[in-house]
Amino acid sequence: MLDSTIELPRPSPAVMQKATLSLEHALGDSRVMGPGEAIAAYARDDSETSVPPPDLVVLAESWSDVVQTLAIAEKLRVPVTPRAGGTGRTGGAVPLAGGIVLCTRGMDQIVDIDRREGTAVVGPGVILGDFHAAVEAEGLFYPPDPNSWESCCLGGNVAENAAGPRAFKYGPTRDYVLGMKAALMGGQELFLGKRTVKGVTGYDLTSLVVGSEGTLALIGDIHLRLIAAPPAVMTLVALFDNVGKAALAASEITARGVRPRCIELLDAGTLEALRAAGNAVNPRAEALLLMDVDGDDTACERDAERVADAADSIGTIEVLVAQSAAHRDRLWAARRQMSGAVRKMARHKLSEDIVVPRQKIAELLTRVQRSCENFGTRSVSYGHAGDGNLHVNFLWDTDNERPAVSQSIEQLFVDVLELGGTLSGEHGIGVLKAPYLGLEQSDALIGLQKQLKSMFDPHSLLNPGKIFQPNRHGNC
Ligand SMILES: Cc1cc2nc3c(=O)[nH]c(=O)nc-3n(C[C@H](O)[C@H](O)[C@H](O)COP(=O)(O)OP(=O)(O)OC[C@H]3O[C@@H](n4cnc5c(N)ncnc54)[C@H](O)[C@@H]3O)c2cc1C
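Just so it is clear, the structure is predicted and the values come from calculations on it, not from any experiment. Along each chain, the written sequence defines residue order, and numbers are assigned to residues from 1. Note on the predicted model: pLDDT of at least 70 is required for a residue's local features to be given, and 80 or more for side-chain atom pairs to be given and counted; whole-chain, interface and lining totals, by contrast, use all residues. Side-chain descriptors were evaluated using all non-hydrogen atoms of the structure, hydrogens and water having been removed beforehand.

**A few points about the environment of Ala-304**
Put simply, the test is: Strands here are runs of E lasting at least two residues and helices are runs of H or I lasting at least four, both read from the DSSP assignment and numbered beginning at the N terminus. We call a residue buried when its accessible area falls under 20% of the maximum for its residue type, exposed when it is over 50%, and partly exposed in between, using a 1.4 Å probe and counting protein chains only.
With respect to the helices and strands, Ala-304 occurs in helix α9 (residues 297-314). Accessibility expressed as a relative area gives 7% for Ala-304, which makes it buried. Spatially, the C-alpha atom of Ala-304 lies 8.2 Å from that of Thr-235, the residues being 69 residues apart in sequence.

**Considerations on the site of the ligand**
Applicable threshold: Put simply, a residue is near a molecule or strand once any heavy atom of it comes within 4 Å of that molecule or strand. Polar contacts, as counted here, are pairs of nitrogen or oxygen atoms within 3.5 Å of one another; within protein the pair requires one atom able to donate a hydrogen and one able to accept it, and residues that are adjacent in sequence qualify only if both atoms are side-chain atoms. What sets the accessible areas is the Shrake-Rupley method with a 1.4 Å probe; for residues, cover comes only from the shown protein chains. Cavity means a closed set of points on a 1 Å grid over the protein atoms alone, one where a 1.4 Å probe fits but cannot get out, pocket means an open set with protein on both sides within 12 Å along at least 5 of 7 lines, and lining means a residue has an atom within 4 Å of a point. Assignment of a molecule to a cavity or pocket requires that more than half of its atoms lie within 2 Å of the corresponding grid points. Just so you know, the domain bounds were taken from an automatic or database domain assignment.
Neighbouring residues of the ligand: 35 residues in total, closest Pro-82, Ala-84, Gly-86, Thr-87 and Ser-148. Within the backbone of Cys-153, a nitrogen or oxygen atom sits 2.9 Å from an oxygen atom of the ligand. Here an oxygen atom of the ligand and a side-chain polar atom of Asn-463 are 3.2 Å apart. In the complex, the protein chains occlude 96% of the 990 Å² of accessible area that the ligand would expose alone. The cavity that encloses the ligand is the largest pocket. Elements with a contribution of two residues or more to the shell around the ligand: β3 (80-83), α4 (154-160) and β10 (218-225). No other element matches α4, which puts four residues into the shell around the ligand. Two domains each put at least three residues into the shell around the ligand: domain 1 (13-106) and domain 2 (110-228).

**Things to note about the packing of helix α8 (residues 268-276) against helix α10 (residues 325-343)**
Two quantities define a packed helix pair, namely the angle between the axes and the distance from one axis to the other. What counts here: Every axis in this analysis is a line fitted to C-alpha atoms, fitted for helices over the stretch in contact. Angles between the N-to-C directions lie between 0 and 180 degrees. Should an angle lie under 35 degrees it is considered roughly parallel, over 145 roughly antiparallel, and from 65 to 115 roughly perpendicular; all remaining angles are considered oblique. Contacts: residue pairs with any heavy atoms within 4.5 Å of one another. Note on residue classes: Ala, Val, Leu, Ile, Met, Phe, Trp, Tyr, Cys and Pro are nonpolar, Asp, Glu, Lys and Arg are charged, and everything else, Gly too, is polar.
Their axes nearest at 9 Å, the elements α8 and α10 cross at an angle of 95 degrees. Considered as vectors, α8 and α10 are oriented roughly perpendicular to each other. Where α8 abuts α10, its residues Thr-270, Ala-273 and Leu-274 lie against Ala-334, Gln-337, Met-338, Ala-341 and Val-342. A breakdown of the residues in the contact of α8 with α10 according to their chemical character gives six nonpolar, two polar and no charged.

**Remarks on the sheet that holds β3**
Which entries qualify depends on this criterion: At least two bridges found by DSSP between two strands are what make those strands a pair.
The strand order across the open sheet formed by four strands is β1-β2-β4-β3, and the pairing between neighbours is mixed. Each having just a single partner strand, β1 (32-33) and β3 make up the two edges of the open sheet. One ladder, built from four bridges, connects β3 with strand β4 (residues 100-103); its direction is parallel. Note on β4: the bridge partner recorded for Thr-81 is Val-101. Against the sheet, helix α1 (residues 13-27) engages β1, β2 (56-59) and β4, with an angle of about 15 degrees to β2. The strands touched by helix α2 (residues 63-76) are β2, β3 and β4; relative to β4, the strand with the most contacts, the crossing angle is about 165 degrees.

**Some details on a negative patch on the surface**
For clarity, the threshold we go by: For patch detection, residues must exceed 30% relative accessible area and be free of salt bridges, and they are connected within 9 Å for like charges or within 5 Å for nonpolar side chains (Val, Leu, Ile, Met, Phe, Trp, Tyr). A pair is scored as a salt bridge if a Lys or Arg side-chain nitrogen falls within 4 Å of a carboxyl oxygen belonging to Asp or Glu. Under the convention used here, Asp and Glu are negative, Lys and Arg are positive, and both His and the chain ends fall outside the count. All charge positions are set by atom: Lys at NZ, Arg at CZ, Asp at CG, Glu at CD.
Together, Asp-296, Asp-297, Glu-301, Glu-305, Asp-309 and Asp-312 give the surface a local cluster of negative charge. Locating Asp-297 in the fold gives a position in helix α9.

**A short note on empty space enclosed by the protein**
As a reminder of what qualifies: Grid points are joined across faces, edges and corners, and a volume is the space filled by probe spheres set on the points.
One pass over the structure, following the stated rule, counts one cavity of 30 Å³ or more. Size it by volume and the largest cavity reaches roughly 60 Å³. Lining of the largest cavity is provided by Asp-46, Ser-47, Glu-48, Arg-89, Arg-343, Lys-349, Leu-350, Ser-351 and Leu-432. Residue contributions to the lining of the largest cavity peak at three residues, all from strand β16 (residues 348-355). For the lining of the largest cavity, the per-class residue count stands at two nonpolar, two polar and five charged. Each of domain 1 (13-106) and domain 3 (232-418) contributes no fewer than three residues to the lining of the largest cavity.

**A closer look at helix α12 (residues 402-418)**
Threshold: Residue count minus one, scaled by 1.5 Å, sets the expected span of a helix.
Look at α12: 24 Å from first C-alpha to last across 17 residues, which is about the 24 Å you get at 1.5 Å a residue. Those residues of α12 lying buried are Ala-404, Val-405, Ser-406, Ser-408, Ile-409, Glu-410, Leu-412, Phe-413, Asp-415 and Val-416. Residues of α12 that are buried in the fold lie against β16, α11 (361-375), β18 (389-396) and α13 (437-440). Taken from the residues just after α12, Gly-420 is the one with a positive phi, measuring 85 degrees.

**Observations concerning the nonpolar core**
Going by this rule: Working definition of a nonpolar core: buried Ala, Val, Leu, Ile, Met, Phe, Trp, Tyr and Cys residues. They are joined through side-chain atoms within 4.5 Å.
Counting residues in hydrophobic clusters, the biggest one holds 59 residues, and the most contacted among them are Phe-240, Ile-253, Ile-263, Leu-289, Ile-354, Leu-364 and Leu-412. With six residues, α9 is the single largest residue contributor to this core. Shared between two domains, this core takes at least three residues from each, and those domains are domain 1 (13-106) and domain 3 (232-418). If we ignore the near neighbours within four places in the chain, the residues touching Ile-263 are Phe-168, Ala-250, Ile-253, Thr-254, Leu-289, Leu-290, Met-291, Gly-383, His-384, Ala-385 and Gly-386.

**Here we look at the confidence of the model for the protein**
Note the following rule: The pLDDT score gives, residue by residue, the confidence of the prediction method on a 0 to 100 scale.
Within the protein, residue pLDDT values average 94, and 97% of them lie at 70 or more. For the stretch residues 472-476, pLDDT sits under 50, and the model shows 11 contacts to residues farther than four places along the chain or on other chains.

Here's what the structure looks like:
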């Protein structure tokens, strides 16, 4: 079993006292939160990672707050952990080495939405759901839709290259980021990428920073590409008597050349959680696919029919089509409830987000079931089957079950890689998956990435302990 416990050296009290004085002087007392009850919330995110509280939290409200914090922190060699909405699933915003949590949640301005150019500029603290509403009010569309959209922020989305159900047709966050303000440890300011919808000047450092999990640079104002809103959307639900058929149907739909905007798969355990949360789900169903098709009315009708035919060819219990916008909303509200509903099934839940070729989903789910039987663990799975991206959720109640859960997780990763998949589809590596990176990537590739990291952050102060396991002296 691999060990995911990481302990990093923290800055001394004397250094933190100097940092506090310098930050209060530069930013004002109200932006700097010292030890006390409120700071504890900044020691965790939406994963099972928990560490002692940071020494300080900086509540940045402007770019200047960010730049000055990075300058002071590097001078005093204090580690900095960037944070936005705190909804991350792999411990990315958790301050492993104490020091400063630099929270950009207060930088929440939608600076511009330009209809003619099809672009927008947003602060890193803008809540994704607020941005969707503002963009849609202009008749435009910003597709990335992690199911946490009510509380996650654009800065966190860019740092994680977040995706969500609609990524199957429209791609993840990276596909929409044109450029951004970035600041390095020490406070050097850069503009990465472009403001226009096209441009290939220089190395594509924008793409490098997207998905870098807060380890390379602080992200400020983000320039985004918007697209035309599809005029109509139709929602279908296909019910199956076993999850293998649901997985095969997802593969059959795409093999027939249809591109729904999302294909979400829910297994038997997930349906049980939804029923327990008060949703009426056909008792014969052991799995379902929730799907949207979009386009004009004719395209929706045609694609819905093709999707239903493909699912029926594998063998459904029934295929339902949502009859109204309210019905659609109810179905998607149940999908969004799922994480919370599953969480109620046990004291602890750890959601892995692996990807396999979609034709291998059924094989993977069989292997997960076998491994749970072998190790005596429990899991339920759901996720973005169109992309082959499944959230395998391990559930446990007592600490003495944890070693078996770790064995199941490691077996999951081994199976995923044997089937030609990858460790993370959208949640990132963070701290939880760092011990497993070497299962997928060669030493040479990990070494090259560490060299890149050291060019951006020579003293390994920015989000230490994330993505790459620290070496013995505590550096990334
Ligand atoms: C119920 C639920 C459903 C979810 N569904 C999905 C889903 O469908 N798809 C998906 O992709 N994810 C999903 N997630 C995971 C999570 O919401 C995403 O990873 C999201 O992008 C995190 O955004 P955040 O603002 O909460 O970031 P945080 O958790 O605060 O931070 C995430 C990472 O970004 C870094 N960071 C934050 N702000 C900055 C900044 N300004 N500059 C540099 N780095 C920064 C942090 O250091 C950290 O490494 C879900 C989470 C929950 C709780």
